[in-house]
Amino acid sequence: GAVVSQHPSWVICKSGTSVKIECRSLDFQATTMFWYRQFPKQSLMLMATSNEGSKATYEQGVEKDKFLINHASLTLSTLTVTSAHPEDSSFYICSARQGAVTGELFFGEGSRLTVL
Amino acid sequence: DAKTTQPTSMDCAEGRAANLPCNHSTISGNEYVYWYRQIHSQGPQYIIHGLKNNETNEMASLIITEDRKSSTLILPHATLRDTAVYYCIVSYQLTFGKGTKLSVIP
């Protein structure tokens, strides 16, 4: 199947700093990518939909100024957590859809963020 | 968007078939049913998907009822490595429910 890669796999940062997480589709072009957040023992929560060349669409309750999403190319989307705080510590997962809106979603390995 | 409901947890003996049900009673006519699983601290892994007909691949089989309001994922010979949380979602809905925690027991 198609491969989606995330980097870094884990990151520790100090409170107040910004952290960037990259999501790449390695062997296909992804017009649309999705960012999820998962807290311990909870399900994945969709944060935003990232469309190549346009602004991301954020889910209700997700601060767009805090979670900056850029989708500059068909194979790369980035999530920047700005001015991170300990409550932003979570597992962040991206996914990309191959082909049409009914195409399957391929997920990255996830990035674990710990804010001290 | 259609919502899905799944049992919170299930146990299955190693080597036996694991049957995981999912209700998606509000699914629309052109939405696919997808199954993913997540092993602790990893990204979800695609298993199988289908629209109307039953589907089978090297990992599992998917049985969709004729009215498409529910489906069952079948792992024919469960192994310990199949222990995971299994999620059923429909194609236009990108939100995940709580899934079913499957425990395969030796």
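Conventions adopted
- Residues numbered from 1 in each chain as written.
- Chains lettered and ligands numbered in written order.
- Predicted model: local features only at pLDDT ≥ 70, side-chain atom pairs only at ≥ 80, totals over all residues.
- Heavy atoms only, no water.
- Helix = DSSP H or I, 4+ residues; strand = E, 2+ residues; numbered from the N terminus.
- Buried < 20%, exposed > 50% of the residue type's maximum accessible area, 1.4 Å probe, protein only.
- Contact = heavy atoms within 4.5 Å.
- 1 Å grid on protein atoms, 1.4 Å probe; cavity = no way out; pocket = protein on both sides within 12 Å on 5 of 7 lines; lining within 4 Å.
- Points joined across faces, edges and corners; volume = space filled by probe spheres on them.
- Nonpolar A, V, L, I, M, F, W, Y, C, P; charged D, E, K, R; others polar.
- Pairing = 2+ DSSP bridges.
- Buried area = accessible area lost by both parts, 1.4 Å probe.
- Polar contact = N/O pair within 3.5 Å; in protein donor to acceptor, adjacent residues only side chain to side chain.
- pLDDT = per-residue confidence, 0-100.
- Disulfide = S-S within 2.5 Å.

### Focus on the side chain of serine 90 of chain A
Residues and elements named next belong to chain A.
Thinking step 1. Within the secondary structure, serine 90 sits in strand S9 (residues 90-97).
Thinking step 2. For serine 90, a relative accessible area of 4% corresponds to the buried category.
Thinking step 3. Not counting residues within four places of it along the chain, the set of residues in contact with serine 90 comprises Arg37, Gln38, Phe39, Ser111, Arg112 and Leu113.

### Focus: the layout of surface pockets
Thinking step 1. Looking at the largest pocket, its volume works out to about 700 Å³.
Thinking step 2. Mapped onto the lining of the largest pocket, the elements with two or more residues apiece are strand S4 (32-38) of chain A together with strand S8 (84-90) and strand S9 (100-105) of chain B.
Thinking step 3. The element best represented in the lining of the largest pocket is S8 of chain B, accounting for three residues.
Thinking step 4. Taken together, the residues of the lining of the largest pocket break down into ten nonpolar, nine polar and five charged.

### Quick notes on the sheet that holds strand S6 (residues 61-64) of chain B
All names here are of chain B.
Thinking step 1. The sheet built from four strands is open, its strands ordered S2-S7-S6-S5 with antiparallel pairing. In the strand order of this sheet, the two ends are held by strand S2 (18-23) and strand S5 (55-56), each with one partner.
Thinking step 2. Note that S5 and S6 share two bridges and pair antiparallel. Note that in S6 the partner of glutamate 55 across the bridge is leucine 62.

### Comments concerning the interface of chain B and chain A
Thinking step 1. With 20 residues of chain B at the contact, the number on the chain A side is 20 residues.
Thinking step 2. In this assembly, chain B packs against chain A so that about 1500 Å² is buried in total across both faces, 59% of it on carbon and sulfur atoms.
Thinking step 3. Three residues stand out in chain B for area buried against chain A, namely Pro44, Leu94 and Phe96 of chain B, and they jointly supply 35% of the buried area on that side.
Thinking step 4. Remark: the boundary between chain B and chain A carries five residue pairs in polar contact (both at pLDDT 80 or more).
Thinking step 5. Of all the elements in the fold, those that place two or more residues in the side of chain B that touches chain A are strand S3 (33-38), strand S4 (45-50) and S8 of chain B.
Thinking step 6. The dominant element in the side of chain B that touches chain A, judged by the number of residues it contributes, is S3 of chain B, at three residues.

### Observations concerning the confidence of the model for chain A
Thinking step 1. In the predicted model, chain A carries a mean pLDDT of 91, and 95% of its residues have values of at least 70.
Thinking step 2. Model confidence for chain A, summarised as mean pLDDT per element, is weakest for strand S10 (residues 105-107) of chain A at 87 and strongest for strand S11 (residues 111-115) of chain A at 97.

### Side note on the state of the cysteines
Cysteine pairs can be linked by a disulfide, which is a covalent bond between their two sulfur atoms.
Residue and element names in this part refer to chain A.
Thinking step 1. The tally for this structure, following the rule as stated, stands at two disulfides over all chains.
Thinking step 2. In this model cysteine 23 forms its disulfide with cysteine 94; the gap between the sulfur atoms is 2.0 Å. Sign of the S-S torsion, about 80° for the bond between cysteine 23 and cysteine 94, identifies this disulfide as right-handed. Of this pair, cysteine 23 sits in strand S3 (residues 19-25) while cysteine 94 sits in strand S9, placing them 71 residues apart in sequence.

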